[in-house]
Amino acid sequence: MINVLFVSSNTLPVSAIAETAQRLDAEGARVFYGACTAEPKLKAALDGVELAQIHALPRANLRRAVDLPFGERVWTRCRKDLWLHARAREAHVLVAVDEGAVYTVWQLAQRNRKAKAVNGFAPAVSAVRELNGQDAVHTPGYSLLPPSLMAREFGRAVKRLPDATARALTARPIMRRDLGAKLWRLPLRAPGVPAGLRVATGRRVAEAMKWANKHTGAAYALALTASKISDSKTKAELLYDAASLEYGRGIVSRHTDKAVQALLAHADELQAEEDYLNAAGTLQRAMSLSFHRVAHIDGLSSPLADAPMKFIKPYHASKAMQTVMTPRGRLRPAAPRPTDRPLRLLITTSANANFLHEILDRYRDHPDVEVRFLDMVTQAGLKRVSWADRPIMQERMGGDDEYADQVEGLMRPYLDWADTVFVDWCVGPPAMITTVDPGDTRIIVRLHSYEAFTRWPHLVDWSRVDDLVFVAEHLRGLTTELVPALRGPKAPRTPVVFNATELSSFPREKQADARFNLGLVGVGQVVKDPLWAVEVLRLLREEDERYRLLMIGGDMDRDFSRATKKYRNKMEKELEPLVEAGAVLRLGATDDVAGKLTDVGFILSTSVRESAHLGLMEGTASGAVPVVRDWPYFAGSTYGGARTVFPDGWVVDTPKAAAERILRINITEENWRDCAKLAAEHALSTWDWSKVGKDFDELIFGER
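These numbers were taken from a predicted model, which means no experiment stands behind them. (Residues numbered from 1 in each chain as written. Predicted model: local features only at pLDDT ≥ 70, side-chain atom pairs only at ≥ 80, totals over all residues. Heavy atoms only, no water.)

Our next topic: the overall build of the chain. Counting its regular elements, the chain contains 32 helices and 16 strands. At 37 Å, the chain has a C-alpha radius of gyration far larger than the 27 Å of a compact globule built from 704 residues. Expressed along its principal axes, the backbone C-alpha trace of the chain runs to roughly 120 × 70 × 40 Å. Within the chain, contacts between residues separated by at least 24 positions form 71% of all contacts whose residues are at least 6 apart in sequence. Of the accessible surface of the chain, which amounts to about 30,400 Å², a share of 49% is contributed by carbon and sulfur atoms. A gap of 8 Å separates the mean positions of the 95 positive and 89 negative side-chain charges of the chain. (Helix = DSSP H or I, 4+ residues; strand = E, 2+ residues; numbered from the N terminus. Rg over C-alpha atoms; globule rule 2.2 N^0.38 Å. Contact = heavy atoms within 4.5 Å. Areas by Shrake-Rupley, 256 points an atom, 1.4 Å probe, with all protein chains shown as cover. Lys, Arg positive; Asp, Glu negative; His and termini not counted. Charge placed at Lys NZ, Arg CZ, Asp CG, Glu CD.)

Structure representation (structure tokens):
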């Protein structure tokens, strides 16, 4: 049976309909009739006409359609009619009864592209006869709309529809389907769409996709919109929002590079216009994406570590960033150490004094030193200005003297008192302090590890720093490669001095069965990658089920970041059967690490990034044999990695190599004890405070 659908915009040529219906019935076709006419009138007029079905189509114009041509108005009010689409989907022939129905029939034919679409009764009869002459009649049905039509339809819809209606068309059930999401992307790609409309559409699509829990799709919609926009400000804003959306979900955004390039280009334009406030804000946004902790701190890889110079190159090419990094120097060099009184030493940090206890104790007890300690978070004014990256950048560009005046007023009393300022952690405070000329006060900054993966080393005026102390050689190599000011004529000295740690209390007697226990100190961060240790344990237990893993330290906080939550969830799934089997012991946080280490025979460093790994040093000093993963962030780099800190024989590349080292050493208890003794002697003679303290004396008192 051939199905024929008649569509009428408002007319009822009853005699023509009756005659045509009779002819089509003779050809073996059945006719469905839909007209924009009141239902009682339609039924009364067609009473007695042989039709399969009749249906009253909507007549009222929607507000948004009043200014459209009549044919488009008919389609706009009928396009959601379920009967119309059901019959059109089944039709072999689509017939426009009058001119007002032509556009509607064309739209239906775009959906049922196998149907014959005609205008008028005689062509309808001819179409049916043509189908009867074929060997087989096709099966009708809707197809995917052609891209050109989808772009026009969605573009037109976005332009005309009020927000409430547009949101209905982008409701969650629609946007959760791939087809629905793809439909809405079409007007974002279409040429010739006004920029304002394109941006509004892009943001609406992104909002709808977020509603539908398709955050990656939302970011893509924003980035796609940006690719068609020439205005630098709008492009930068769209790409920033796209990248931020993914970072907010714990995902390293694939839009980061384009977003950073757009933001830096816009920052350069703003600086050229002397709009320093917005230039600094735009530069801050770029750096917040480049150095986002999801990309470097909360994961197992880092684009900075993978290709340092490629990563930092856009900043070196930016005029705005070049201005921020320009060294301004100091009026006079640091004064020599005083000979008529004790050296005045100001030791300062911001909320983290974990690596300062031994240093403070040493110099507080030193007869030739007068010590003051300043934690900047305890001073309201300093807390406010010491992490203010945007004002720092704005001041460097020449547009915020007020910030420099604030720093001058807050820091000058400290700078005038001190002969030497030791700033722990290369983060906000060193950038803040070097906003002002330190006078003849000597400035020492210490960089540990994670700071190299932040924006802060790029915001310090290194011409006003005398010494940048690194805790390991590989960090010096990476940081000096990233920051040109550390290599120039006004660069500070860059000594390597290990962290201050008291190891002499760690050596203790171990029981013989400790040699089957692996120890991991510090499991509260993703960077520690405890799952690497779990893989080592599995390989060992395939050979000997006596091996266990002791995890010392507090667990990762799931609320810290989405990336941390993802890793923690995966770790818990892996650990559950091992804990139940007694193969993993989770000892939790403790104030007595040395006591817990008495049960550890092999101490592991499984991190992807470390400076020198204090927990590994403590475990080695305790008499555990060290097994060090070649930290992936630095492995294979020209500036080294774990092998620049530890003897080469301690370092392994894979969990398999780690297991082989353990099995080889643990062949006998005597061999294990001999290896542990040699490693402990190396640790105590190299990293104990009795040795490192002398290196600090040379740093603080030595020739300058």
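That was the structure; now back to the text.
This part covers the environment of Ile552. Within the element layout of this structure, Ile552 appears in strand 12 (residues 548-552). C-alpha separation for the pair Ile552 and Leu597, spaced 45 residues apart in sequence, amounts to 8.8 Å. When near neighbours in sequence (up to four residues on either side) are disregarded, Ile552 contacts Leu520, Val521, Gly522, Val523, Leu587, Gly588, Thr590, Lys596 and Leu597.

On to helix 3 (residues 70-78), then. Counting buried positions along helix 3 gives eight out of nine residues, so the element sits mostly inside the fold. The complete set of buried residues in helix 3 reads Gly71, Glu72, Arg73, Val74, Trp75, Thr76, Arg77 and Cys78. (Buried < 20%, exposed > 50% of the residue type's maximum accessible area, 1.4 Å probe, protein only.)

Two elements, strand 6 (residues 343-349) and strand 7 (residues 369-375), share seven bridges in a ladder whose sense is parallel. In the strand pairing of strand 7, Thr348 is matched with Leu374. Crossover connection from strand 6 via helix 20 (residues 357-364) to parallel strand 7: handedness right-handed. (Pairing = 2+ DSSP bridges. Right-handed = clockwise from strand over helix to strand, strands pointing away.)

Glancing now at the sheet that holds strand 6. With parallel pairing, five strands are arranged side by side in an open sheet as 7-6-8-9-10. Of all the strands in the sheet, just strand 7 and strand 10 (467-470) have a single pairing partner and so form its edges. Averaged over all pairs of adjacent strands, the angle between their axes in this sheet comes to 20 degrees, without regard to strand direction. Across the sheet, helix 20 is in contact with strand 6, strand 7 and strand 9 (442-447); its angle to strand 7 comes to roughly 145 degrees. (Axes fitted to C-alpha atoms, helices over the stretch in contact; angles between N-to-C directions.)

Okay, the nonpolar core next. Counting 142 residues, the largest nonpolar core has Leu283, Met432 and Phe646 as its most contacted members. For this core, the element with the most residues is helix 13 (residues 232-247), which contributes eight residues. When near neighbours in sequence (up to four residues on either side) are disregarded, Leu283 contacts Leu264, Ala267, Tyr315, Ala320, Met321, Val324, Met393 and Met397. Counting residues in hydrophobic clusters, the runner-up holds 34 residues, among them Ala514, Met551, Phe602 and Ala676. (Core = buried A, V, L, I, M, F, W, Y, C linked by side-chain atoms within 4.5 Å.)

Let us look at empty space enclosed by the protein. Scanning all chains against the criterion turns up two cavities of 30 Å³ or more. Considered as a void within the structure, the second largest cavity measures approximately 30 Å³ in volume. Lining of the second largest cavity is provided by Met325, Pro457, His458, Val460, Trp462, Val483 and Ala485. Classifying every residue of the lining of the second largest cavity by side-chain character gives six nonpolar, one polar and no charged. (1 Å grid on protein atoms, 1.4 Å probe; cavity = no way out; pocket = protein on both sides within 12 Å on 5 of 7 lines; lining within 4 Å. Points joined across faces, edges and corners; volume = space filled by probe spheres on them. Nonpolar A, V, L, I, M, F, W, Y, C, P; charged D, E, K, R; others polar.)

A few words on the sheet that holds strand 2 (residues 29-35). Pairing within the open sheet is parallel, and its five strands lie in the order 3-2-1-4-5. The open sheet has two free edges, formed respectively by strand 3 (53-56) and strand 5 (116-119), since each of these has just one partner strand. Ignoring which end each strand starts from, the neighbouring axes of this sheet average 20 degrees apart. The pairing of strand 1 (residues 2-8) with strand 4 (residues 93-96) spans four bridges and is parallel. Each residue of the ladder has a partner; that of Val4, found in strand 4, is Val93. Contacts from helix 1 (residues 14-26) reach strand 1 and strand 2, with the element oriented near 150 degrees to strand 2. Along the sheet face, helix 4 (residues 82-90) touches strand 1, strand 2, strand 3 and strand 4 and points at about 140 degrees away from the line of strand 1.

Bringing the packing of helix 11 (residues 195-211) against helix 12 (residues 215-227) into the picture now. Where helix 11 contacts helix 12, the two axes come as close as 7 Å, and the packing angle between them is 175 degrees. With respect to their mutual orientation, helix 11 and helix 12 come out roughly antiparallel. Note on element contacts: helix 12 touches helix 11 through His215, Gly217, Ala218, Ala221, Leu222 and Thr225, opposite Arg198, Val199, Gly202, Arg203, Val205, Ala206, Met209 and Lys210. (Parallel < 35°, antiparallel > 145°, perpendicular 65-115°, else oblique.)

We describe a pair of aromatic rings using the distance from one ring centre to the other and the angle between the two ring planes. Within the structure shown, the criterion is met by 19 aromatic pairs. With 5.6 Å between their ring centres and 65 degrees between their planes, Trp689 and Phe696 make a pair best called edge-to-face. Each member of the pair, Trp689 as well as Phe696, is classed as buried. Among the aromatic residues, those joined into a cluster by ring pairs are Phe498, Trp631, Phe646, Trp650 and Trp687. Looking at Arg87, its charged tip hangs above the ring of Phe32, at a distance of 5.6 Å from the centre. Sitting over the face of the ring of Tyr142, Arg89 holds its NZ or CZ atom 4.5 Å from the ring centroid. (Phe/Tyr/Trp six-rings, centres within 6.5 Å; stacked < 30°, edge-to-face > 60°. Lys NZ or Arg CZ within 6 Å of the ring centre and 35° of its normal.)

To continue, consider unusual backbone geometry. Positive phi values are uncommon outside glycine, yet Glu274 reaches one of about 65 degrees. For Glu274, the location among the structural elements is in the loop between helix 14 (256-272) and helix 15 (276-290). Of the residues examined, Glu274 reaches a relative accessible area of 58% and is grouped as exposed. Although it is not a glycine, His613 sits at a positive phi angle of roughly 60 degrees. Note on placement: His613 falls in the loop between strand 14 (602-605) and helix 29 (614-621).

Turning next to the environment of Arg77. Looking at the element boundaries, Arg77 is found in helix 3. For the pair Arg77 and Cys36, spaced 41 residues apart in sequence, the C-alpha to C-alpha distance is 9.6 Å. Contacts of Arg77, omitting those with residues within four sequence positions, involve Ser9, Cys36, Pro58, Arg59, Ala60, Asn61 and Phe70.

For the rest of this paragraph, the subject is the side chain of Thr620. Looking at where Thr620 falls in the secondary structure, it is placed in helix 29. We classify Thr620 as buried; its relative accessible area is 0%.

With that settled, the discussion passes to the side chain of Thr349. The topology assignment puts Thr349 in strand 6. Not counting residues up to four positions away in its chain, the partners in contact with Thr349 are Leu356, Phe373, Leu374, Asp375, Met376, Asp424 and Trp425.

As a further point, take the pattern of salt bridges. Under the defined criterion, the tally for this structure stands at 35 salt bridges. Salt-bridge contacts for Glu39 lead to Lys43; the nearest nitrogen and oxygen are separated by 3.0 Å. Of this pair, Glu39 and Lys43 both sit in helix 2 (residues 39-45), four residues apart, which is roughly one turn of the helix. On the basis of relative accessibility, which here comes to 44%, the residue Glu39 falls in the partly exposed class. (Salt bridge = Lys/Arg side-chain N within 4 Å of Asp/Glu carboxyl O.)

Coordinates in, geometry out; function isn't part of it.
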